[in-house]
Structure formats: C-alpha cells, structure tokens
Amino acid sequence: MKDKIFGVLQRVGRSFMLPIAILPVAGLLLGIGGSFTNATMISAYHLEGVLGEGTLLNGFLSILNSCGSVIFDNLPLLFAIGVAVGMARQEKEVAALASVIAFFIMHTAIHALLMLSGKLAAVPGVLDESGNGIAGMVGTVEQAVGMLDGSVTKVLGISTLQMGVFGGIIVGLGVAALHNKYYNIQLPQVLSFFGGTRFVPIISSLVYIFVGILMYFIWPVIQSGIYGLGALVN
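Because the structure is a prediction, the values reported are computed rather than measured.

Q: An account of the packing of aromatic side chains is requested, with residue identities and associated values reported.
A: Under the counting rule described, the total for this entry stands at five aromatic pairs. With centroids separated by 5.3 Å and ring planes inclined at 85 degrees, the aromatic side chains of Phe193 and Phe194 adopt a geometry described as edge-to-face. Judged by relative accessible area, which is 54%, Phe193 ranks as exposed. The interplanar angle of 80 degrees and the centroid separation of 4.9 Å between the aromatic rings of Tyr216 and Phe217 together place this pair among those described as edge-to-face. Residue classification places Phe217 among the exposed positions, given a relative accessible area of 53%. One residue, Arg198, lies across the ring of Phe193, its end atom 4.4 Å from the ring centre.

This is the structure we're talking about:
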C-alpha cells in the first residue's frame, strides 16, 4: 500500500514538471522584454533612439514581453493539460483534449453561478485589455459584488473565481482519473460510437459541471482562509 501511494505521488510530481519546464523560458522572455521596454530605464540611459517607442527593437522586445506574459497568464490551463497528460496511462492526447474541455466547463459553471447569485453583475464601464472589444471603448463589464478584492478574475475571457494553478491541478488530476478508468470502456452496440476514448471528454464534461458547482461553494471559503492567514502574518 505504501509503495502504491509513493508511486502515485511520483507520477503526480513528474506530471507537474511538464508545465513547470516552460517557466524559465517564459520568465526569460518576460524579463528581457519588460526590462528593455521600460520607459524609465530607456530614459535613464538615453536610449530613446534605439529602444524608444516606435523603434524596430522596441517592437521586437514588446513581442517577447507579450509572449512571456501569455504563458504566465494561462498557467492554470497549462497545468490542467500537463497534469492530465502526465497522469494518463494510455491515449494521452485524449486526456489533453478532455482536460481543456473540462477546464472550460468548470469555469463556465462557476461564472454562471456567480451571475445567477448576483455576485457578478454586468455594469456599464470602460473596456480594458481583458475585456471584449477595443481597449478604451465604453461597453458592459462584469464586476464582482460583495466579494473579497481579487477573488474574481478572468480566465480565458471567463469571469470566474481566482483559483490560480490549483484550478488547473484539480482539472488535470480529475480528468486523468476519469481517463484511466474509461478510455477503453465498451458501451452497448447502439451507443458504440461514443465508447472508448470518445467517452472520456463526455464524462469529463458532465463531471466538471458538478465540480464547478462544488467549487463555487468551497473555493470562497478557502479564499477567506487565505486572506485571514495573510492578515495574521501581517
């Protein structure tokens, strides 16, 4: 029993290495791009002619900065895919697809509950880079009501609870377990088309509707505990 638990923990640890491996490269892109496009640094060293806004080098460095930033912004999804792929025994590409679907389903379920409960309200406002449309335009934005600051964020355009990489890990581990159990399932002849690997995204979608509902009630309690611990430390 002890060896079995240790083996599972080893597999979980190895699965974390897949998304973690990209972080040094992303950090390098973000660091180089952010540092050399910083207006204060450019002004201090009088490099406006080389690195100033509108120069070719500034444009290239801005691209590097954006490419590094997008990896950090979407770490939860990368962890969901990486953990699912790492923990899947066979047909890993199916586990990857199912994890993406489950990730969207879970956060969409949370978003729907936030809207239904009135904790997330659509109000007139100015759109920014994270909104839909052109930055600076007046439109409808979703705003948290009666919740802790920072408890709601946008994940791939979906306003949801701020779960960070833990949300991705929850998806990855759950989808991997479902995948390993059902990837070779045999259904009755009339439903045979949906059997085998095709069943994994289906069952993952159904399960993660309820996981999203569960997280809506559980995660705010965890957030409150984290905030309380932070206040205690301060």
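Next comes the rest of the description.
Q: How would you summarise the pairing of strand β3 (residues 152-155) if you had to cite specific residues and measurements?
A: Both β3 and strand β4 (residues 158-161) contribute to a ladder of four bridges, which runs antiparallel. Counterpart to Val152 in the pairing with β4 is Leu161. Counted between consecutive antiparallel strands, the loop separating β3 from β4 contains two residues, among which Leu156 sits at a positive phi close to 55 degrees.

Q: Tell me about the layout of surface pockets, and name the residues and values.
A: For the second largest pocket, the calculated volume is near 180 Å³. Take the lining of the second largest pocket: its biggest share by element is three residues, from β3.

Q: Give a description of the nonpolar core that names residues and reports values.
A: By size, the foremost hydrophobic cluster in this structure holds 28 residues, and its most contacted members are Met106, Ile110, Met163, Val171, Val175, Tyr208 and Met215. With nine residues, helix α7 (residues 92-116) is the largest single contributor of residues to this core. Each residue touching Val171, except ones within four places of it in the same chain, is listed here: Ala80, Ser99, Ala102, Phe103, Met106 and Tyr208. With five residues, the next largest nonpolar core counts Met41, Ile42, Leu51 and Leu61 among its residues.

Reading guide: rules and limits
Residues numbered from 1 in each chain as written. Predicted model: local features only at pLDDT ≥ 70, side-chain atom pairs only at ≥ 80, totals over all residues. Heavy atoms only, no water. Phe/Tyr/Trp six-rings, centres within 6.5 Å; stacked < 30°, edge-to-face > 60°. Buried < 20%, exposed > 50% of the residue type's maximum accessible area, 1.4 Å probe, protein only. Lys NZ or Arg CZ within 6 Å of the ring centre and 35° of its normal. Pairing = 2+ DSSP bridges. Helix = DSSP H or I, 4+ residues; strand = E, 2+ residues; numbered from the N terminus. 1 Å grid on protein atoms, 1.4 Å probe; cavity = no way out; pocket = protein on both sides within 12 Å on 5 of 7 lines; lining within 4 Å. Points joined across faces, edges and corners; volume = space filled by probe spheres on them. Core = buried A, V, L, I, M, F, W, Y, C linked by side-chain atoms within 4.5 Å. Contact = heavy atoms within 4.5 Å.

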